[in-house]
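Each chain is listed here by its residues.
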Amino acid sequence: MTSTEQRDKLQRQIWQIANEVRGAVDGWDFKQYVLGTLFYRFISENFASHMEGGDESIHYAKLPDSIITAGIKDDAIRTKGYFIYPSQLFANVVAQANTNQNLNTDLAAIFSAIESSATGYPSEQDIKGLFADFDTTSNRLGSTVAEKNNRLAAVLKGVADLDFGDFEGNHIDLFGDAYEFLISNYAANAGKSGGEFFTPQHVSRLIARLATHGQKRVNKIYDPACGSGSLLLQARKLFDERFVEDGYFGQEINHTTYNLARMNMFLHNINYDKFDIRLGDTLTNPQFDKDKPFDAIVSNPPYSVRWIGADDPTLINDERFAPAGVLAPKSKADFAFVLHALNYLSSKGRAAIVCFPGIFYRGGAEQKIRQYLVDNNYVETVISLAPNLFFGTSIAVNILVLSKHKTDTLIQFIDASGLFKKETNNNVLLDTHIEQIVQAFDCKADIDHFAKSVTIEKVATSDYNLSVSNYVTAKDTREVVDIDKLNAELKTTVTRIDQLRKEIDSIVRQIENSKSKNTSNNDILEILLKNIEIEWKPLGEIAEIYSGLSGKSKSDFKDGNALFIPYKNIFENMEINFNALLPVKISADENQNQVNYGDILFTSSSETANEVGMSSSVTTLSKTPIYLNSFSFGVRFKKEFQLIPEFSKFLFRTSHMRSEISKTASGVTRFNISKERFKKILVPIPYPNNPDKSFNIQSDIARILDNFTKLTSKLTSELTTELTARKKQYEYYRDLLFSFQKP
């Protein structure tokens, strides 16, 4: 199995486990238990591997706790940042989990001991509170201690069953990837709140590449609104460990997300002395003033959140905001994060920040801040991205790249809004898209409809508008109209429409003329209706009613040796569409009803009474066995009362028959047909004692209505064609009439 296949299998397995063990608890509320357990297993195996030091004769998990001396413990904490006794290791706890009646309290004690082991050491702040969200007494786990223990044991066992291999090589990467996979899935299912703590990996890769572009080494990487740390970790994945000299720094306001970020660092094998993640409000309580400047800053701050702003008079004198001479609006803190990042940026560095597009064109304080950034030549590039790339929002955001080492006075604008691949719920950036953006960013060349570099003077004359669309002209995708050809086609279309109307009018005249007093024996209604012999019979007397498929499971519909007619096919078509059948597996010993030529099929339930019992006729012979879906039933006429399908398809969709059918249904939120009442519906049988005459009359009526239907369908198509052409014709002449000569 390749590493990619192993990773994919592991991710499928871990998401399945995450859903199975949570039971009825919401996945978002249960995430800390799955993520926390994965982290617990990682640090246990990581610590055991460290203690064994590659000596295969040592099995740390099997050693007694008493063998640990104060010196051994002190040395381990200084190296790893924490200590775990053999009895506290994940493997040993899992082994007794199913029978441990004190599991929840034992886990709480172990987590507390791991955190406390760092007290007084340099790693104390990095370890403290890591398991704070793993509440083993929470009612989310169950209402009784036994229920809590059972749920905890299931989580522990599920994570224990994940195959990461030996704790070497790719094993560490698999742990980190599994953790980020879980976080991304939780974010995707959490709606708006998910986007606030996780930046999708494809966007993170782009931001990390922009912030570190052209640098062989950076002192530190910083994210002032780090969420779960995904942006910081993408920078690590792009380069070797020596690229970042002094580590990874981040601040996060949400306590749970702050813990996720710290766990994420450990799970990607970043030791405590190589990262510093702190809790707090970046704008009003920044934690890294003494650690700046940073050579690379990456950030996806919350969009347009409220902050204290002008209500705190000291902020206008803060060195981060004072140079701009104005604070970001209280209702929109976006530019406060931008100015904070700029202040923390080194003279050789870059900051790549995801921004809400409105801040680039709105007036007031935001315009003044843009003026400060532009006049001081801090704006290197503005990139517009495609919509729906982030969890919880479909907004097409921008990336603002700031630099303090520009060698020119140009601002680059890149329109990347067309670069994306559509997936199930979100769009994604492919590696080729990222490469295309980075190449344009690197060369700074103008590319038609994609990239444009503009002088800061031009931006100034445009009210310091930094919207990409203001400078990069979108490609004109409008059709070039050949007006002579269009007019000729319209003339032909109108001729066809006139002919179709005449043919339809001819049919109508044939029917309507029979209503006049001067009728002859050749009139169509006279022949078909007035002199016809009709007998009305209950449907149950003239036909057999059979059910659709029964006893089938989902797996039977993945592939199969037969075909079935889905509900939608019946509901939408008067005749079954044989190009829209689906596969089903039918065993030789199954007693399922097959659909035959001439059958009339009905939907047996619907959300509204007037839509229940929609019908469709089987007008085509099939060599392959055909079956009916479980939510429909079939009607098969007895030979002596045969109604031909071409006639029946119209009959059972007439207003009268639809009204009678709807009366057989009952329900509150969903209406279901009573087959006993359905059998009592009266059906007209032409010449019941003369099959030839019956066939001829049915065929004549069907032929008239078929012709009417086809002509109407053609007319509809031609009218649509005309309307489309008229719109092009109008736009052409509108633009022509306004094509005034410029001076």
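A. Seen up close, the sheet that holds strand β21 (residues 665–667). The strand order across the open sheet formed by three strands is β17-β22-β21, and the pairing between neighbours is antiparallel. Each of the sheet's edge strands pairs with one partner strand only, and the pair in question is β17 (605–606) and β21. Pairing geometry for β21 and strand β22 (residues 671–673), over three bridges, is antiparallel. Counted as the bridge partner of Ala665 is Ile673 from β22.

B. Structural view of helix α12 (residues 255–267). Given a rise of 1.5 Å per residue, 13 residues ought to cover 18 Å, and the 18 Å separating the end C-alpha atoms of α12 matches this to within 8%. With eleven of its 13 residues buried, α12 lies for the most part within the structure. Looking at α12, one finds that the buried residues are Thr257, Tyr258, Asn259, Leu260, Ala261, Arg262, Met263, Asn264, Met265, Phe266 and Leu267. The N-terminus of α12 is capped by Asn254, whose side-chain oxygen sits 3.0 Å from the backbone nitrogen of Thr256. Phi turns positive one or two residues past the end of α12, at Asn269, with a value near 60°.

C. Layout of the packing of aromatic side chains. Throughout the structure, instances matching the rule amount to 30 aromatic pairs. Note on Phe249 and Phe288: the rings are 5.6 Å apart at their centroids and 90° apart in plane angle, and the pair reads as edge-to-face. Here the residue Phe249 occupies a position in strand β2 (residues 248–252), and Phe288 occupies one in the loop between β3 (275–279) and β4 (294–299), the gap between them amounting to 39 residues. With centroids separated by 5.0 Å and ring planes inclined at 75°, the aromatic side chains of Phe602 and Phe678 adopt a geometry described as edge-to-face. Taken together, the residues Phe602 in strand β16 (residues 600–603) and Phe678 in helix α23 (residues 675–678) connect sequence positions 76 residues apart. Residue class for Phe678 comes out buried when judged on its relative accessible area of 0%. The cationic tip of Lys220 hangs over the ring face of Phe294; the distance from NZ or CZ to the ring centre is 5.0 Å.

What counts, and where the lines are drawn
- Residues numbered from 1 in each chain as written.
- Predicted model: local features only at pLDDT ≥ 70, side-chain atom pairs only at ≥ 80, totals over all residues.
- Heavy atoms only, no water.
- Pairing = 2+ DSSP bridges.
- Helix = DSSP H or I, 4+ residues; strand = E, 2+ residues; numbered from the N terminus.
- Expected span 1.5 Å × (residues − 1).
- Buried < 20%, exposed > 50% of the residue type's maximum accessible area, 1.4 Å probe, protein only.
- Polar contact = N/O pair within 3.5 Å; in protein donor to acceptor, adjacent residues only side chain to side chain.
- Phe/Tyr/Trp six-rings, centres within 6.5 Å; stacked < 30°, edge-to-face > 60°.
- Lys NZ or Arg CZ within 6 Å of the ring centre and 35° of its normal.

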